[in-house]
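In case you want the letters, here they are:
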Amino acid sequence: MRGVLDRPTRKGLLASGTTRSGFVSLVLLALLLTACSPSGDATAGRAAPPSTVVAAAPPSSVATSTTSPCQPAPLEARAATVLVVGIGNATTAEHPLAAEVSALGPGGVILFGPNIEDATQVRQLIDGLRRRSPRPLLVSVDEEGGRVSRLRPIVGSTPSARTLGRQPLDEISAVAAERGATLDELGFDLVLAPVVDADGGAAGGAIGDRAFAATPAEAGARAAAFADGLASAGVAATAKHFPGQGQLADSHDGPVVSEAPLAELESTTASRFRQALDGGVPAVMMS
């Protein structure tokens, strides 16, 4: 929990049995706590510096004070905690837009290709964003591998999910763990991957080779293995795109309608997403 827990403590929590989903829950709890302070000041619950470990208060000491009740922060500050936002084409935390976003205190930021030049630059950008943020900051990246790779300048060319999906499950997990270690070292908390959709159609389709397999059960199992690998490296995964985008039109271009009967949708969605969610994936992206 960068900004609340230092890296050794963060690693220790995961190694001692704290699940990745539980760890992300701790981050979200911290965000909620920093949105409320005795004075009602959104910055009063400022995150501790990275070198400081903040211990959780024992249950008996929580919310027992009658002289200094917790007052909600301003609406704008509370709204910011539930947003994950981009920073345009900024590559440094000193960039005017990046600095403004950090000061507003969103719950998270997401980096895209224009924000990424090399490993040193990304680490400095993320560290700078966290230093400027008034609360713990979740940093995410849309890094599936294959044609959806924002970190190509750092990790190079990586196989598509379809190519990787032909490997045994343990190999899929191993590849994800290696990639996750790089992401963790750079400072990322959350990866917007893996794709859980099933699609055996043209590789260049809206999903296409971004899917691990053509059938829901196979795609779900492989996506779950990929998520497990990321979690083993200390990075949270995101199952996408709920309730299913495979073989539909590209939702980036406009509204997409699925005419599948509800029973079929429920069945295929369960077989895809349940495996990832049962494995502890803490986030789901809508299509």
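Residues numbered from 1 in each chain as written. Predicted model: local features only at pLDDT ≥ 70, side-chain atom pairs only at ≥ 80, totals over all residues. Heavy atoms only, no water.

1. Comments concerning the overall build of the chain
We count it as follows: To qualify as a helix, a DSSP run of H or I must reach at least 4 residues; to qualify as a strand, a run of E must reach at least 2; elements of each kind are numbered from the N terminus. A simple rule labels every residue: compare its accessible area, found with a 1.4 Å probe on the protein chains alone, to the largest value its type can have, and call it buried under 20%, exposed over 50%, or partly exposed in between. For accessible areas, the Shrake-Rupley method is used with a probe of radius 1.4 Å. Any residue's cover is judged against the shown protein chains and nothing else.
Scanning the chain for helices and strands turns up 10 helices and 10 strands. Out of the 287 residues in the chain, the part that is buried amounts to 45%. With an accessible surface of roughly 13,500 Å², the chain has 59% of that area assigned to carbon and sulfur atoms.

2. Notes on the pairing of strand 5 (residues 138-141)
Defined as follows: A clockwise course of the path from the first strand over the helix to the second, judged with the strands pointing away from the viewer, identifies a crossover as right-handed. A pair of strands counts as paired when DSSP detects no fewer than two bridges linking them.
Side-chain alternation along strand 5 places Leu138 and Ser140 on one buried face and Val139 and Val141 on a second face that is also buried. With respect to chirality, the unit in which strand 4 (residues 108-111) leads through helix 5 (residues 119-132) into the neighbouring parallel strand 5 is right-handed. Sheet analysis places strand 5 next to strand 8 (residues 190-191), joined by two bridges and oriented parallel. Bridging across to strand 8, Val141 finds its partner in Val191.

3. A word on helix 10 (residues 262-278)
Here is the rule we go by: Given the number of residues in a helix, its expected span is that number minus one, multiplied by 1.5 Å. Note on bend: at a given residue it equals the angle between the axes fitted to the 7 residues ending there and to the 7 starting there.
Given a rise of 1.5 Å per residue, 17 residues ought to cover 24 Å, and the 22 Å separating the end C-alpha atoms of helix 10 matches this to within 8%. The largest bend in helix 10 is about 30°, located at Ala270. Within helix 10, burial applies to Thr269, Arg272, Phe273 and Ala276. At the exit of helix 10 stands Gly280, carrying a positive phi of roughly 100°.

4. Topic: empty space enclosed by the protein
Where we set the bar: Note on definitions: the grid is 1 Å and covers protein atoms alone; a cavity is a set of points where a 1.4 Å probe fits but cannot get out; a pocket is an open set with protein on both sides within 12 Å along at least five of seven lines; lining residues have an atom within 4 Å of a point. Grid points are joined across faces, edges and corners, and a volume is the space filled by probe spheres set on the points. Each residue receives one of three labels: charged for Asp, Glu, Lys and Arg, nonpolar for Ala, Val, Leu, Ile, Met, Phe, Trp, Tyr, Cys and Pro, and polar for the others, Gly being one of them.
Enumeration over the complete set of coordinates arrives at three cavities of 30 Å³ or more. Partitioning the lining of the largest cavity into residue classes produces eight nonpolar, one polar and two charged.

5. A short note on the packing of aromatic side chains
Basically, it comes down to this: Aromatic pairs are defined between Phe, Tyr and Trp rings, using the six-membered ring for Trp, whenever the two ring centres lie within 6.5 Å; interplanar angles under 30 degrees are classed as stacked, those over 60 as edge-to-face, and all others as tilted.
Under the criterion given, the structure shown has two aromatic pairs. Here Phe242 and Phe273 contribute two aromatic rings whose centre-to-centre distance is 5.3 Å and whose plane-to-plane angle is 75°, an arrangement assigned as edge-to-face. With a gap of 31 residues between them, Phe242 in strand 9 (residues 238-242) and Phe273 in helix 10 connect regions that are remote in the sequence. Given the relative accessible area of 31%, Phe242 is considered partly exposed.

6. Quick word on the pattern of salt bridges
Between side chains of opposite charge, a pair can form as their charged atoms come close. Filter applied, for reference: By salt bridge we mean one thing: a side-chain nitrogen of Lys or Arg within 4 Å of a carboxyl oxygen of Asp or Glu.
As enumerated under the stated definition, the model contains seven salt bridges in all. Between Glu94 and Arg132 there is a salt bridge; the shortest N-O distance is 3.8 Å. Taken together, the residues span a long stretch of sequence, with Glu94 in the loop between strand 3 (84-85) and helix 4 (96-104) and Arg132 in helix 5 at a distance of 38 residues. Residue Glu94 is classed as exposed on the basis of its relative accessible area, which comes to 51%. With a shortest N-O distance of 2.7 Å, Lys240 and Glu144 are connected by a salt bridge.

7. Things to note about helix 4
Let me state the cut-off plainly: By arc we mean the arc of the directions from the helix axis to the C-beta atoms, nothing more. Throughout, a contact is declared for two residues whenever any of their heavy atoms are within 4.5 Å.
Three or more residues of helix 4 are buried, namely Ala98, Ala99, Val101 and Ser102. Within helix 4, the buried residues cover an arc of 165° as seen down the axis, which keeps them to one side. Turned more than 90 degrees from where helix 4 packs its buried face, Pro96, Ala103 and Leu104 sit exposed. Those residues of helix 4 that are buried are in contact with strand 3, strand 4 and helix 5. Just downstream of helix 4 lies Gly105, where phi reads positive at about 75°.

8. With respect to the packing of helix 8 (residues 169-186) against helix 9 (residues 216-232)
The test is simple: In this description, a line fitted to the C-alpha atoms serves as the axis of each element, helices being fitted only across the stretch in contact, and the angle between N-to-C directions of two axes falls anywhere from 0 to 180 degrees. By the definition adopted for this analysis, an angle is roughly parallel if under 35 degrees, roughly antiparallel if over 145, roughly perpendicular if from 65 to 115, and oblique otherwise. Two helices crossing with the near one rotated counterclockwise from the far one by less than a right angle form a left-handed crossing, whereas a clockwise rotation gives a right-handed crossing.
Packing of helix 8 against helix 9 brings their axes to within 7 Å, and their N-to-C directions diverge by 40°. The angle between helix 8 and helix 9 falls in the class oblique. The element helix 8 and its partner helix 9 pack so that their crossing is right-handed. Contacts from Leu169, Ile172, Ser173, Ala176, Ala177, Arg179, Gly180 and Leu183 in helix 8 reach Ala221, Arg222, Ala225, Phe226, Asp228, Gly229, Leu230 and Ser232 in helix 9. Partitioned by chemical class, the residues of the contact of helix 8 with helix 9 number nine nonpolar, four polar and three charged.

9. Brief notes about the pairing of strand 10 (residues 283-286)
Sheet faces and side chains relate simply in a regular strand, where the side chains alternate between the two faces. Pairing geometry for strand 9 and strand 10, over four bridges, is parallel. Bridging across to strand 10, Lys240 finds its partner in Met285. For the handedness criterion, the β-α-β arrangement of strand 9, helix 10 and strand 10 is classed as right-handed.

10. Some thoughts on the confidence of the model for the chain
The condition is simple: pLDDT expresses how confident the predictor is about each individual residue, on a scale running from 0 to 100.
On average, residues of the chain score 80 in pLDDT, and 76% of them reach the 70 mark or higher. Scored below 50 in pLDDT, residues 1-21 shows 58 contacts in the model against residues more than four places distant or in partner chains. Across residues 37-66 the pLDDT falls below 50, and counting only partners more than four positions away or on other chains, this stretch makes 39 contacts in the model.

11. Some remarks on the nonpolar core
Rules: Residues belong to one nonpolar core when they are buried, are Ala, Val, Leu, Ile, Met, Phe, Trp, Tyr or Cys, and are joined through side-chain atoms within 4.5 Å.
Counting 39 residues, the largest nonpolar core has Ile87, Leu111, Leu129, Leu183, Phe188 and Phe226 as the members making the most contacts within it. Residue assignment for this core shows that the elements contributing at least two residues are helix 4, strand 4, helix 5, strand 5, helix 7 (161-164), helix 8, helix 9 and helix 10. Excluding anything up to four places from it in sequence, Leu111 contacts Ile87, Ile116, Val122, Leu125, Ile126, Ser140, Val141, Asp142, Arg150 and Phe188. Counting residues in each nonpolar core, the second largest holds five residues, with Ile110, Leu190, Leu192 and Ala236 among its members.

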